[in-house]
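Fold and contact review
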Number of protein chains: 2
Amino acid sequence: MLSPLLQNLIQALRVLPGVGPKSAQRMAFYLLQRNVDGGKQLSEVLADALENIGQCQQCHTLTEADLCGICSNPRRDQSVLCVVGSPADLLAIEQSGSYQGLYFQLTGHLSPIDGIGPEEIGIDALMELVARKPVEEVILANNPTVEGEATAYYIANLLAEQSIKLTRIAHGIPMGGELEYVDGGTLTHAFNGRQQFK
Amino acid sequence: MLSPLLQNLIQALRVLPGVGPKSAQRMAFYLLQRNVDGGKQLSEVLADALENIGQCQQCHTLTEADLCGICSNPRRDQSVLCVVGSPADLLAIEQSGSYQGLYFQLTGHLSPIDGIGPEEIGIDALMELVARKPVEEVILANNPTVEGEATAYYIANLLAEQSIKLTRIAHGIPMGGELEYVDGGTLTHAFNGRQQFK
């Protein structure tokens, strides 16, 4: 009942995360009926981005240049390196404006059960970078999930014998959070990580 | 902090209905990191669809052919014409399998306040079709919203003097619905439209 090309379009839109059959149908009708220009631009930019965006040679984040804007910025603190698990995590830290050093972006986290080992996520490239750069502190900002914690421990083990300060971002009660609704694991972290009141 | 091309891609994805900044970011990262092939296919199919899909010459629904699969099917009942407001409505009726006649798809509904009059939604083309074809019954399946009802009344007025049976799809309690949770307007329709118990 739908024309073959329209069916193809709805099917193609379903590759997008979080888009099921009904949303894909709505998107297809919207682009064809109401926003042909926006759709054309999406098609062109998407082809361009998939063709040209690759990894930053230094920090492995997504960029169309050889070096990303952060790695090529001489005003960033070259002595601190923050390890993150995804471009979204890197972006969240940048948007907070609280960090001025460099990054290294892993491709996810260790997950031996899925066949994802140290080389798959780029830990060897991280080690090379640490050896090559005058890094004084490595901040492990992996997600506080089982895989993230395992990855952080793995990296910490590799770096343990070098004279580099190793830190982990603090876990505790989020700002604006209410103790009543915070889970036990987070409360435990918050108590263990308590600091002198200033 | 994001590369310009990546920012363009995130911006371009936001033309999709229901996609905000966070979803667009997630989609961009997903396509670039995990599903480059799916992204390329989406870009190609989207360009192809926007280039080639237009209106069916007879019923105005979306198709890449001159006549859609329904209008070109000789086994459909040529004497009944169902008027719908969008391709999604047409698809929903087709999927129910309850209708074997032809369709005419309006481009939305009358909305004088937005400058959308009879010609903008294709009512003149509907009148031409009714005059040209041996139509015996026109079923008004416009949405039961203020605009949909107004559009149905407008079409009914235009067709009133012709010897064509005019019907409106029934409004009432949806199957599986509970009276307790049904709004007053629907209940009123359900009582006014009550039928002889068989």
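Everything numeric in this text was worked out from a predicted model, so none of it was measured. (Residues numbered from 1 in each chain as written. Chains lettered and ligands numbered in written order. Predicted model: local features only at pLDDT ≥ 70, side-chain atom pairs only at ≥ 80, totals over all residues. Heavy atoms only, no water.)

A count of helices and strands for chain A gives eight helices and six strands. Along the chain direction, N to C, the helices and strands of chain A fall in the order α-α-α-β-β-β-α-β-α-α-β-α-β-α. Scaling as 2.2 N^0.38, a compact globule of 198 residues should have a C-alpha radius of gyration of about 16 Å, whereas chain A reaches 21 Å, well beyond that. Seen along its three principal axes, the alpha-carbon backbone of chain A occupies a region of about 65 × 45 × 35 Å. Classification of the 198 residues of chain A by burial places 43% in the buried group. (Helix = DSSP H or I, 4+ residues; strand = E, 2+ residues; numbered from the N terminus. Rg over C-alpha atoms; globule rule 2.2 N^0.38 Å. Buried < 20%, exposed > 50% of the residue type's maximum accessible area, 1.4 Å probe, protein only.)

Looking at chain A, the domain boundaries give domain 1 (4-52) and domain 2 (62-175). Each of domain 1 of chain A and domain 2 of chain A has a C-alpha centre, and these two points are 34 Å apart. (Domains from an automatic or database assignment.)

Take the UniProt feature "zinc finger region: C4-type" (unreviewed entry) in chain A next. Under the feature "zinc finger region: C4-type" (unreviewed entry), the UniProt entry names residues 56-71 of chain A. Overall, residues 56-71 of chain A shows 0% helix and 12% strand. The separation of its end C-alpha atoms is 8 Å. (UniProt positions renumbered as here; feature names shortened; annotations may be inferred.)

All names here are of chain B. Buried residues dominate strand S3 (residues 77-84), accounting for six of its eight residues. Pairing between S3 and strand S4 (residues 101-105): five bridges, direction parallel. The residue bridging Leu81 from the neighbouring strand is Leu102, located in S4. In this fold, the crossover linking S3 to S4 by way of helix H4 (residues 87-96) has right-handed handedness. Pairing analysis gives four bridges linking S3 to strand S5 (residues 137-140), with the strands arranged parallel. The partner of Leu81 across the bridge, within S5, is Val138. (Pairing = 2+ DSSP bridges. Right-handed = clockwise from strand over helix to strand, strands pointing away.)

Attention now moves to the interface of chain B and chain A. With 47 residues of chain B at the contact, the number on the chain A side is 47 residues. For the chain B face of the interface with chain A, the top three residues by lost area are Met1, Leu5 and Leu50 of chain B, together amounting to 15%. In this structure, the connection of chain B to chain A is made through zero salt bridges. Contributions of two or more residues to the side of chain B that touches chain A are made by helix H1 (4-13), helix H2 (21-33), helix H3 (36-52), strand S2 (62-63) and H4 of chain B. Of the residues forming the side of chain B that touches chain A, the biggest block, 13 residues, is contributed by H3 of chain B. Among the residues forming the side of chain B that touches chain A, the class breakdown is 29 nonpolar, 13 polar and five charged. (Contact = heavy atoms within 4.5 Å. Buried area = accessible area lost by both parts, 1.4 Å probe. Salt bridge = Lys/Arg side-chain N within 4 Å of Asp/Glu carboxyl O. Nonpolar A, V, L, I, M, F, W, Y, C, P; charged D, E, K, R; others polar.)

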